[in-house]
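A structural walkthrough
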Amino acid sequence: MINIQKNQNEPHLLSQHRAIPDATYDDGPREMKREILESLIAEQYSLCCYCQQRITIDSASVEHKFSQKNHPEMALDYENMAAVCSCTERQKKKRQYCDDFKQDKDFTFDLAHIEKLVQYEPKTGVIKSDNPELNRQLNEVLNLNQDYLRGERTAVYNAMKRFVENNAQKANFKGIINREIKKYESASDGKKKEFCGVMLYFLRKRYNRM
Ligand SMILES: [Zn+2]
């Protein structure tokens, strides 16, 4: 997971719709939902808010971190919204993750400050947290440790390890690692790299040991 900075201004059509008495998200106009999704995808640099895989306007949906069912009062709160993948919809429950798995459950942590709360295990690709409640939600609400995602994270770790090994003998090794960190922190063409949070976690750890 990586930190998400929300846009200062929420989508105009959302403000308009919320002014209607008893308005709900579901009865909002299609253009409003599209405007929200575009805004969310842009502020997330085209990555799913939970698993960090690529999302597009056609493959993502609007996620309510506190679900609409449990918290209808937050259904039109832009701060409660994020763009999420929905690529496991047709799969068996144990293979699903992110919104497909979460459904009406709540994810209660602030995505603006999530990065420093999560760690990754190199060999297993497990995402975890020292915070027991976050750790529970990563597994029981989002299912982020299902096989496919763990495999992808392990591959990212191995790529990082190869990169370090290939450059370890160079005189400016520290500078090279720092450049690589900057590369993964920044976006190109409005997009960040998939699983960049995993790469950054291991690169920063390596950098801090130097
Ligand atoms: Zn996802």
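See the structure shown above.
Presented here is an overview of the structure given in this document.

Assigned secondary structure in the protein consists of seven helices and four strands. The linear arrangement of helices and strands in the protein, starting from the amino end, is α-α-β-β-α-β-β-α-α-α-α. Compactness check: the protein gives a C-alpha radius of gyration of 18 Å against a globular reference of 17 Å for 210 residues, within 12% of the reference. By its C-alpha atoms, the protein is 65 × 35 × 30 Å across when sized along the principal axes.

Of all hydrophobic cores here, the largest spans 46 residues; its most connected members are Cys48, Tyr50, Ala83, Val84, Cys98, Leu142 and Met199. For this core, the element with the most residues is helix H7 (residues 196–208), which contributes six residues. Sequence-distant contacts of Val84, defined by excluding residues within four places in its chain, comprise Cys48, Cys49, Tyr50, Ala60, Ser61, Glu63, Cys98 and Asp99.

Let us look at the packing of helix H5 (residues 147–167) against H7. At their nearest, the axes of H5 and H7 sit 9 Å apart, and the two run at 35 degrees to each other. Pair H5 / H7 crosses with right-handed handedness. Where H5 approaches H7, its residues Arg153, Val156, Tyr157, Met160 and Val164 are matched on the opposing element by Val198, Met199, Phe202, Leu203 and Arg206. Class assignment of the residues belonging to the contact of H5 with H7 gives a composition of eight nonpolar, no polar and two charged.

The next point concerns unusual backbone geometry. Backbone geometry places Tyr45, a non-glycine residue, at a positive phi of 50 degrees. We note that Asn143 has phi near 50 degrees; this positive angle belongs to a residue other than glycine.

Buried residues dominate strand S2 (residues 81–85), accounting for five of its five residues. Taking every second residue as pointing to the same face, both faces of S2 are buried, with Met81, Ala83 and Cys85 on one and Ala82 and Val84 on the other. Summarising the sheet, strand S1 (residues 60–64) and S2 pair through five bridges and their orientation is antiparallel. If you follow Ser61 over to S2, its bridge partner there is Val84.

What follows is about the packing of helix H6 (residues 173–185) against H7. Their axes nearest at 10 Å, the elements H6 and H7 cross at an angle of 155 degrees. Looking at the two axes, H6 sits roughly antiparallel to H7. The handedness of the crossing between H6 and H7 is left-handed. Here H6 contributes Ile177, Asn178, Glu180, Ile181, Tyr184 and Glu185 to the contact with H7, which in turn contributes Cys196, Met199, Leu200, Leu203, Arg204, Arg206 and Tyr207. Partitioned by chemical class, the residues of the contact of H6 with H7 number eight nonpolar, one polar and four charged.

Cut-offs used in this document
- Residues numbered from 1 in each chain as written.
- Predicted model: local features only at pLDDT ≥ 70, side-chain atom pairs only at ≥ 80, totals over all residues.
- Helix = DSSP H or I, 4+ residues; strand = E, 2+ residues; numbered from the N terminus.
- Rg over C-alpha atoms; globule rule 2.2 N^0.38 Å.
- Core = buried A, V, L, I, M, F, W, Y, C linked by C-beta atoms within 7 Å.
- Buried ≥ 20, exposed ≤ 12 C-beta atoms within 10 Å, placed from the backbone.
- Contact = placed C-beta atoms within 7 Å.
- Axes fitted to C-alpha atoms, helices over the stretch in contact; angles between N-to-C directions.
- Left-handed = near helix turned anticlockwise from the far one by under 90°.
- Nonpolar A, V, L, I, M, F, W, Y, C, P; charged D, E, K, R; others polar.
- Pairing = 2+ DSSP bridges.
- Parallel < 35°, antiparallel > 145°, perpendicular 65-115°, else oblique.

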